[in-house]
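# What the coordinates show
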Amino acid sequence: MILIFGGTTEGRAAVNVIEEAGKPYYYSTKGDEQDIYLHHGIRLSSAMTRRTLKAFCRQNDIRLLIDAAHPFAIQLHQTVEKVAHTLNLLVIRFERIYPPRDEEHITWCDDFEDAIRQIRKEDIFTLLALTGVQSIAKLKPLWQESACCYFRILNRESSRRLAEREGFPKKYLHYYHAGEDERILLQRLHPEAILIKESGLSGGFNEKVEAALQEGIRIFAIRRPPMPGSFMIVNGEHGLRRMIEK
């Protein structure tokens, strides 16, 4: 049996590949808000700890793990690595395509703490964070103390609850609209800078960078975290299919 960790564009692609086999598999996401159809798959909608994942793999005879989760889901990647090592399971990392890093136009940051440091160093006051609702808590020292921060988040009740729980003002929240030109929000808010994650082509990285460059807005980007060395990394559905067969 195969267990896929998804919730992303890559998760959908992985499902397309696995469905071709016509055999049952599990598809796990942290929440239940991704709209995806599974014909042969069994949906799981809850975060797994190391203990619960290990127990699940043993109880359901899991032979292969596919990590197609978001590149910044660090805790999940670490949990999968530890459980795979304990149970002697193989892990395929279904990775995104990343453009070369632009060192000329982008200020690169190691993590959110480094981003806060560099943004403060450059005396940025008005910032638009395109890093998701989870980053509201991570950037709290910035928006509470020294900057006017706007966050663009998904138009979901869970996202609004999380922002409210962190005490972030509603008037500074903006919602993502699929297919909308990235320049529209930039032209409306006129931020001095944007903060983005190195989220790859499927995460709209190039579109955000291009829009900011066109509007003359500074760009700060957080480098993607490295994947565990034991993961077998593949790109694209063809590469995933070949690795599964192997």
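Source: prediction; values computed, not measured.

Here the focus is the overall build of the protein chain. Within the protein chain, the secondary structure is distributed over 10 helices and 12 strands. The C-alpha radius of gyration computed for the protein chain amounts to 19 Å, which stays within 12% of the reference 18 Å derived for 246 residues, consistent with globular compactness. A principal-axis box enclosing the C-alpha atoms of the protein chain has dimensions of 55 × 35 × 30 Å. Residue burial in the protein chain is summarised as follows: out of 246 residues, 48% are buried. Considering only contacts within the protein chain whose residues lie at least 6 apart along the sequence, 63% involve residues at least 24 apart.

Our focus in this paragraph is the side chain of His174. Take His174: it is sitting in strand 9 (residues 173–175). When near neighbours in sequence (up to four residues on either side) are disregarded, His174 contacts Tyr150, Phe151, Arg152, Ile153, Leu185, Arg188 and Leu189.

What follows deals with the pattern of salt bridges. Under the counting rule described, the total for this entry stands at 15 salt bridges. In this structure, Glu166 and Lys140 form a salt bridge, with 3.4 Å as the shortest nitrogen-oxygen distance. Here the residue Glu166 occupies a position in the loop between helix 7 (157–165) and strand 9, and Lys140 occupies one in helix 6 (residues 140–145), the gap between them amounting to 26 residues. Assessed through its relative accessible area of 22%, Glu166 is described here as partly exposed. Judged by relative accessible area, Lys140 falls into the partly exposed class, the value being 23%. A salt bridge links Glu157 to Arg160; its shortest N-O distance comes to 3.4 Å. Within this pair, Glu157 and its partner Arg160 are both found in helix 7, separated by 3 residues, close to a single helical turn.

Reading the values: the criteria
- Residues numbered from 1 in each chain as written.
- Predicted model: local features only at pLDDT ≥ 70, side-chain atom pairs only at ≥ 80, totals over all residues.
- Heavy atoms only, no water.
- Helix = DSSP H or I, 4+ residues; strand = E, 2+ residues; numbered from the N terminus.
- Rg over C-alpha atoms; globule rule 2.2 N^0.38 Å.
- Buried < 20%, exposed > 50% of the residue type's maximum accessible area, 1.4 Å probe, protein only.
- Contact = heavy atoms within 4.5 Å.
- Salt bridge = Lys/Arg side-chain N within 4 Å of Asp/Glu carboxyl O.

All we've got here are geometric facts, nothing functional implied.
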